[in-house]
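The residues making up each chain are set out below.
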Amino acid sequence: MENNLDTLVEQVELLIAEGDKEQLHEYLDSLNISEVEDLIDELPEYGSTFIETLSINRAVNVFRILDFPTQERIIKKLSGPKITELINELPPDDRTAFFGELHGDAVKKMIILMPPEDRKEALTLLGYPEDSVGRLMTPDYVTVKQDFTVAQALDHIRRYGKDSETIDVIYVIDDKGVLLDDIRIREILLSAPDVKVADLMDNRLIALNAFDPQEEAINIFRMNNRVALPVTDKQGIMLGIVTVDDVLWIANEEYTEDIQRMGGSEALDEPYLDVSIWHLVKKRAPWLMVLFIGQLFTATVIERYEVQLATAVVLMTFVPLITSSGGNTGSQASALIIQAMAMGEVNLSDWFRVFKRELVSGMILGVILGMLGLLRIFGYHLFGEYGQDWFLISMVVGLSLVGVILWGSLVGSMLPFILRKLGADPATSSAPFVATLVDVTGLVIYFTVATSILKGTLL
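An account of the accompanying structure is given in this report. What you see is a predicted model, and the numbers here were worked out from it, not measured in a lab.

### Here's the deal with the sheet that holds strand S3 (residues 179-184)
Argument step 1. Strand order across the open sheet formed by three strands is S1-S2-S3, with mixed pairing between neighbours. Edge positions in the sheet fall to strand S1 (143-145) and S3, since each of these pairs with one other strand and no more. The sheet shows a mean angle of 35 degrees between the axes of neighbouring strands, direction not considered.
Argument step 2. Alignment of S1 against strand S2 (residues 169-173), held across three bridges, turns out to be parallel. Bridge pairing in S2 places Thr143 opposite Tyr171.

### Comments concerning the environment of Ser394
Argument step 1. The residue Ser394 is located in helix H21 (residues 390-421) in this model.
Argument step 2. Setting aside chain neighbours within four positions, we find Ser394 in contact with Leu374 and Ile377.
Argument step 3. A polar side-chain atom of Ser394 sits 2.6 Å from the main-chain carbonyl oxygen of Phe391.

### Some points on the nonpolar core
Argument step 1. In this structure, Leu86, Phe98 and Phe99 are the most contacted members of the largest nonpolar core, which totals 39 residues.
Argument step 2. One finds Ile393, Val404, Leu443 and Phe447 within the second-largest nonpolar core, a separate group that totals 26 residues.

### Considering the packing of helix H5 (residues 56-63) against helix H7 (residues 80-89)
Argument step 1. Axis separation between H5 and H7 bottoms out at 10 Å; the angle between their running directions is 70 degrees. The angle between H5 and H7 falls in the class roughly perpendicular. Every residue of H7 that contacts H5 at Ile56, Ala59, Val60 and Phe63 is listed here: Glu85, Leu86 and Glu89.
Argument step 2. Of the residues that constitute the contact of H5 with H7, the class distribution is five nonpolar, no polar and two charged.

### With respect to the packing of helix H8 (residues 92-101) against helix H10 (residues 116-126)
Argument step 1. The contact between H8 and H10 brings their axes to 10 Å, and the two run at 60 degrees. The pairing of H8 with H10 is recorded here as oblique in orientation. As H8 runs across H10, the sense of the crossing is right-handed. Along the contact surface, H8 presents Pro92, Arg95, Thr96, Phe99 and Gly100, while H10 presents Asp118, Glu121, Ala122, Leu125 and Leu126.
Argument step 2. Each residue belonging to the contact of H8 with H10 can be placed in one class, and the counts come to five nonpolar, two polar and three charged.

### Notes on the pairing of strand S5 (residues 228-232)
Argument step 1. The buried fraction of S5 is high, at five of five residues.
Argument step 2. The side-chain alternation of S5 yields two buried faces, one formed by Ala228, Pro230 and Thr232 and the other by Leu229 and Val231.
Argument step 3. One ladder, built from two bridges, connects strand S4 (residues 208-209) with S5; its direction is parallel. Bridge pairing links Leu208 to Val231 in S5.
Argument step 4. Note: S5 against strand S6 (residues 238-243), five bridges, orientation antiparallel. Counted as the bridge partner of Ala228 is Thr243 from S6.
Argument step 5. Taking the residues between adjacent antiparallel strands as the criterion, S5 and S6 are bridged by five residues, where Gly236 takes a positive phi near 85 degrees.

The rules behind each value
- Residues numbered from 1 in each chain as written.
- Predicted model: local features only at pLDDT ≥ 70, side-chain atom pairs only at ≥ 80, totals over all residues.
- Heavy atoms only, no water.
- Pairing = 2+ DSSP bridges.
- Helix = DSSP H or I, 4+ residues; strand = E, 2+ residues; numbered from the N terminus.
- Axes fitted to C-alpha atoms, helices over the stretch in contact; angles between N-to-C directions.
- Contact = heavy atoms within 4.5 Å.
- Polar contact = N/O pair within 3.5 Å; in protein donor to acceptor, adjacent residues only side chain to side chain.
- Core = buried A, V, L, I, M, F, W, Y, C linked by side-chain atoms within 4.5 Å.
- Buried < 20%, exposed > 50% of the residue type's maximum accessible area, 1.4 Å probe, protein only.
- Parallel < 35°, antiparallel > 145°, perpendicular 65-115°, else oblique.
- Nonpolar A, V, L, I, M, F, W, Y, C, P; charged D, E, K, R; others polar.
- Left-handed = near helix turned anticlockwise from the far one by under 90°.

These results come straight from atomic positions and should not be treated as a statement about function.
What follows is the structure, given as structure tokens:
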């Protein structure tokens, strides 16, 4: 693949150097769309040249799969006529996604280039909330009436299907535009010409609401084998369709953002290498400062128990073990619940079920690691370490591990629910954040247990 890309780059650079626009046009049009995208990534300075050179259909198909920073960079360098042609030929859902990323003034300039009907359509789609299904949908689809025969339906599809985003699914509406059902084109093609559309309906309709969050659309597509789903308003009137390619794109963006947030950083708005260093610092600094402040509390807890530590220095030996065990457990639980929420496996109403499961599993995990802690101290005791109080020390470590790991499981699993309830993204309960929170509270548990057990002996 690498060698093939190198060959493409060499060939294109040669054609550009020769100034042979006609041959460059033929060569680019012969490539796969993904190959042209690779060329734009490898030769970003010629991105606008490639879009200008390609035939309009090919240019549109390449432009719509580029990330927004690349789209913006290219559009700024295109000629006026090419911009007009490109914007007007983009599918409505891709155009809405592009407009949604632009600044207000740039959107106004673009919309002016569009015919009145398309302009009205674009403004309608942009009127939906930013992360709603309405922003994903396209109004290009085919509908039929339930009293149509299959022959009439096929004639209707031939007449209007060429402008549709997809004709894999045909939608049945009534005279008021209310969606009644959807029928796969296969059912129509395999039915006799005189069969009524109503006879093909199975009333197993799955539809999205235009104001639903996009995450819900992702979950519904994931659970149903559909290439497209209809979008309706509250009255059930059909407004558009959402296709699986747009949902996959959004799912990828959501996944990327969640991974970045779980790493303890704000989500980047563009590819890593396209982000300026200053912008990268701004995205990472706030969370690092929050985590730093959290770690200051860890220092405060240690200072609070300074006398105990001075009396029983051995306690300090196990601080990293206690904090890391609790932090790891909390991060693990948090990651599991965030993933389950993203997959639609867990809802807000399931919080108590999750709490009970983590209570039991946290206790079992705590006992397992507590036993390992006991064995570690016993093993070192055989070599003469820890002295006559080795058993009390082992009890401190063992019981502390049970408490800290149980606490980490509960905190890590419940924090995503709290954030979701508050309207925040559960992914912000990232591993570093949970680990820092459990570190502080874990030390309190550790020193409280130590003070209780060792009072009158080492303390």
